[in-house]
Amino acid sequence: MNSGLPLLFLISGCFTPEAYEIDVDTLSFSNAYTTNTDIVIEPASYALRCPDGEDAPFYAVYREGITTPAPLVVVFHSGAFDYVANPPPETPTAGNHLAGEDRLSADWASDKIFETFGLLPGGAATLNEDNDGVLPAVLADAGAFTLYPGNCWGDLWHNESGYTLNNPDEFIDRNGRAMAWAMLALASADTEEALSWKSRLGMDKLPIPVDFTGVHLVGLGDGGRAVIELLRRGADPTVARGAMPPINGVLLDSTPDDLSAIYEAPQSYAAQPEGLDRIYTDGVDDLGFWSLARWYSERGVDAPLNYYYSSTDPQLPLDTVTPLFAFAESADAEGLITVHDLGSARHIQLNNKANLATTTEAVQTLLGLTP
């Protein structure tokens, strides 16, 4: 075991938890798909509280032997959608959960990340998912410095205390977008701000060089919802307290995009509309605003987007991606949005051992590497 670097974490914006130092050991990372022996997992957390009162976890994965600047990648895990039907004020996470399991805890978020690593079996969140750990292995072997934030708020990465609030009748504060934004702060487009965040986050003491001039975003399943949330936040002068980092590339896997489709056919989605009501308290009348299809059609393509999915995926509502796919085929997309249908009756394609070659190609494209 190697002595872990101390990391200091602080959230910007109206809700600013107290920063403190964490000193932990790094963990050796290997699974059936890693090829290098110097890959480590660095666990960390900061004082942004999960509904269970614990600090929100996240993990860094990188190769200790890297000598050239590693590309910065943030991977958002799947399954962060949950609520308690009738939460009691004293114990708001007790009761019947939409997900059939309690996803509103730090332990669940950590377990979900380790499941993504291929190091833990999946729970109810992984119906039809094959999380074999292929994607984290390929990213690490390619030399990426990858951050894996945990979402313990079940909010599809939308809510942020002080900005986009969830329903107060839940008796919890959801902060998925606050967590996502924190991962980008050290790559701010403002040089002074980026230097400040590197110092506060301990990234100026990393044992390897990292390229902080931009960031690559990866979303697995509904984890990909974080991408549009970050783009909208970064473009809103009334919200963003920092400069949006350059986005060098986006890789999405089986991500629902325009959630309006869920409201247009609520009978097909059981209790999901109620969950959206609790998250999108700023209005569900125009959920299409929170879609990449709307973003790209209104603002143009910010970065190359490769979208992987299956037309026979039993969990992906295909109606939610129809507008995005239509725009990808238009002249306005300029060929920068590419859609890949892998045709497997599973959910989440690129973490599946059956798609190792495809995942390797997708990562090389994301990072601009020559095969």
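Just above, that's the structure.
Notes on the structure in this doc start here. (Residues numbered from 1 in each chain as written. Predicted model: local features only at pLDDT ≥ 70, side-chain atom pairs only at ≥ 80, totals over all residues. Heavy atoms only, no water.)

Quick look at the nonpolar core now. Core analysis: the biggest nonpolar cluster contains 65 residues, and F145 and L217 have the highest contact counts within it. Counting residues per element, this core draws most heavily on helix α3 (residues 176-184), at seven residues. Once residues lying within four places of it in the same chain are set aside, the contact partners of L217 are V74, F76, L184, V227, L230, I247, G249, V250, L251 and L366. Counting residues in hydrophobic clusters, the runner-up holds 29 residues, among them F114, V138, L220 and I348. (Core = buried A, V, L, I, M, F, W, Y, C linked by side-chain atoms within 4.5 Å. Buried < 20%, exposed > 50% of the residue type's maximum accessible area, 1.4 Å probe, protein only. Helix = DSSP H or I, 4+ residues; strand = E, 2+ residues; numbered from the N terminus. Contact = heavy atoms within 4.5 Å.)

Okay, the pattern of salt bridges next. Within this structure, the stated rule accounts for 15 salt bridges. Ionic pairing is found between R233 and E160, a salt bridge with its closest N-O pair at 2.7 Å. Taken together, the residues R233 in helix α5 (residues 225-235) and E160 in the loop between β8 (145-149) and α3 connect sequence positions 73 residues apart. Of the two residues, R233 and E160, neither departs from the other in class, the shared state being buried. E170 is paired through a salt bridge with R278; the nearest N and O atoms lie 3.5 Å apart. With E170 in the loop between β8 and α3 and R278 in helix α7 (residues 272-279), the pair connects residues that are 108 residues apart, well separated along the chain. In this structure, E170 and R278 share a single accessibility class: buried. (Salt bridge = Lys/Arg side-chain N within 4 Å of Asp/Glu carboxyl O.)

This part is about the state of the cysteines. Scanning the model with the defined rule gives one disulfide in all. Here C50 is linked by a disulfide to C152, with a sulfur-sulfur distance of 2.1 Å. Judged by the sign of its S-S torsion, about -90°, the cystine formed by C50 and C152 is left-handed. One end of the pair, C50, is in the loop between β5 (39-49) and β6 (55-63); the other, C152, is in the loop between β8 and α3, and 102 residues separate them in sequence. Judged by its relative accessible area of 0%, C152 falls in the buried class. (Disulfide = S-S within 2.5 Å.)

The next thing to look at is the pairing of β6. Burial runs high along β6: eight of the nine residues are buried. Two strands pair when backbone bridges link them, and β6 and β8 are joined in this way by four bridges, in the antiparallel orientation. Following the sheet pairing, V61 is matched in β8 by T146. (Pairing = 2+ DSSP bridges.)

Structurally, the position occupied by P71 is in strand β7 (residues 70-76). Separated by 140 residues in sequence, P71 and D211 place their C-alpha atoms 5.2 Å apart. Ignoring sequence-local partners within four residues, the contact set of P71 consists of G143, A144, F145, D211, H216 and L367.

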